[in-house]
Amino acid sequence: MESAPSRTAMFAAVSRGLFRLETASPWVLDDVLALVLVGPVWRELRDRFDPLFPGPVRRESRTAVCTRSRYAEDRLAAGAFTQYVILGAGLDSFAWRQPDLLGSLTVFEVDHPASQAWKLERVRELGLPLSDSQVFVPVDFEAEPVRDVLGAAGFDWAQPAMFCWTGVAPYLTAQAIESTLRMIAAAAPGSEVVFSYRAEDCVLDDVGTEFARIYTPIAASVGEPLQPGWPVIEIERLISRCGLKVVDHPARADLQQRYFAGRTDGLRPYTFETLVTARVT
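Now for a description of the structure that goes with this document. (Residues numbered from 1 in each chain as written. Predicted model: local features only at pLDDT ≥ 70, side-chain atom pairs only at ≥ 80, totals over all residues. Heavy atoms only, no water.)

### What to know about the layout of surface pockets
Right, so step 1: Of the volumes computed, that of the second largest pocket is approximately 300 Å³.
Right, so step 2: Lining the second largest pocket are 23 residues, with Pro 250, Arg 252, Thr 271, Glu 273 and Thr 274 positioned closest to its centre.
Right, so step 3: Of all the secondary-structure elements, those providing two or more residues to the lining of the second largest pocket are helix H4 (55-78), strand E5 (192-198), helix H11 (252-260) and strand E7 (273-280).
Right, so step 4: Sorting elements by how many residues they give to the lining of the second largest pocket places H4 first, with 4 residues. (1 Å grid on protein atoms, 1.4 Å probe; cavity = no way out; pocket = protein on both sides within 12 Å on 5 of 7 lines; lining within 4 Å. Points joined across faces, edges and corners; volume = space filled by probe spheres on them. Helix = DSSP H or I, 4+ residues; strand = E, 2+ residues; numbered from the N terminus.)

### Looking at the side chain of Arg 68
Right, so step 1: For Arg 68, the location among the structural elements is in helix H4.
Right, so step 2: Judged by relative accessible area, Arg 68 falls into the buried class, the value being 11%. (Buried < 20%, exposed > 50% of the residue type's maximum accessible area, 1.4 Å probe, protein only.)

### Things to note about the sheet that holds E5
Right, so step 1: The strand order across the open sheet formed by 7 strands is E3-E2-E1-E4-E5-E7-E6, and the pairing between neighbours is mixed. A single partner strand is all that each edge strand has here, and the edge strands are strand E3 (134-138) and strand E6 (244-248). Geometrically, the sheet is characterised by an average inter-axis angle of 25° between neighbouring strands, direction not taken into account.
Right, so step 2: Here strand E4 (residues 161-165) runs beside E5; their pairing, made up of 4 bridges, is parallel. Bridge pairing in E5 places Cys 164 opposite Val 194.
Right, so step 3: Of the strands in this sheet, strand E1 (83-87), E4, E5, E6 and E7 touch helix H8 (residues 174-185), which is tilted by about 165° from E4. (Pairing = 2+ DSSP bridges. Axes fitted to C-alpha atoms, helices over the stretch in contact; angles between N-to-C directions. Contact = heavy atoms within 4.5 Å.)

### Observations concerning empty space enclosed by the protein
Over the atoms, a rolling probe the size of a water molecule traces out where space has been left empty.
Right, so step 1: Evaluation of the coordinates by the stated rule reveals 1 cavity of 30 Å³ or more.
Right, so step 2: Of the volumes computed, that of the largest cavity is approximately 50 Å³.
Right, so step 3: Lining of the largest cavity is provided by Pro 5, Ser 6, Ala 9, Met 10, Gly 90, Leu 91, Asp 111, Ser 115, Trp 118 and Lys 119.
Right, so step 4: When contributions to the lining of the largest cavity are tallied by element, the ones reaching two or more residues are helix H1 (7-22) and helix H6 (113-126).
Right, so step 5: The residue inventory of the lining of the largest cavity, partitioned by class, reads 5 nonpolar, 3 polar and 2 charged. (Nonpolar A, V, L, I, M, F, W, Y, C, P; charged D, E, K, R; others polar.)

### What about the packing of H1 against H4?
Right, so step 1: Remark: H1 packs on H4, axes separated minimally by 8 Å, with the N-to-C direction vectors making an angle of 105°. By the angle between their axes, H1 is roughly perpendicular relative to H4. Every residue of H4 that contacts H1 at Ala 12, Ser 15, Arg 16, Leu 18, Phe 19 and Glu 22 is listed here: Arg 62, Thr 63, Val 65, Cys 66, Arg 68 and Ser 69. (Parallel < 35°, antiparallel > 145°, perpendicular 65-115°, else oblique.)

### A short note on the pairing of E1
Right, so step 1: Among the 5 residues of E1, 5 are classified as buried, and the element is accordingly described as predominantly covered.
Right, so step 2: Of the two faces of E1, the one holding Gln 83, Val 85 and Leu 87 and the one holding Tyr 84 and Ile 86 are both buried throughout.
Right, so step 3: Where E1 lies against E4, 4 bridges are found, and the strand directions are parallel. Among the inter-strand pairings, Val 85 is bridged to a residue of E4, identified as Phe 163.

See the structure below:
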């Protein structure tokens, strides 16, 4: 990670792109830029890792990666926010997919300096437009206070903000998760955070269990090891202890009803990650 982009961020982008290629529309998330941002190496990643996962595991994990982005963006669109902070932004393409929102919204992309530098190089190579409303914030999460760096980048702690923090907490210790939630709790009242956390093993179905078995050593091998899962009651206690209030904590059945009702192909997200929205009161 000191000199290379996050591999797990690349995995997530490849998942978003392949979901669009391999799934019938309507897509829960139509990320036309995901594979473009990764570049030609996406085929190498697909050919190397796809054979390790059974078809249903690939299908549900890709669905989940897209669903968590859609869920966060729906919460953003439903609120009265002037700032959108993407923590661990990776190869997120929100600012290019949703240009109409940039007029009234400032997007702060927060990520490790190496990952962000790599992404910006890809953006320059592709000639993607950049806006004053899109602010890139390089942060070494282990060495720098995110609050201070965000403030220096122009984030206004007195204005309501939506924080998107998906696909990151499963790799973090409980202490790191708590520290980030406390930082978010210092934002203006009405601010929200959408984040995903690893579910405890005992609630995983067969697909979720198989994904965990296969993916855990892969994540460790690229230097981004997974942490143990959380019981629902424990993550809600942590959120409350940090000064936030849970306002939505959808189970997979809830997400399936919201985003996949009426489909005949059985599409659904896996059980490995759980989404939750918490608000600053």
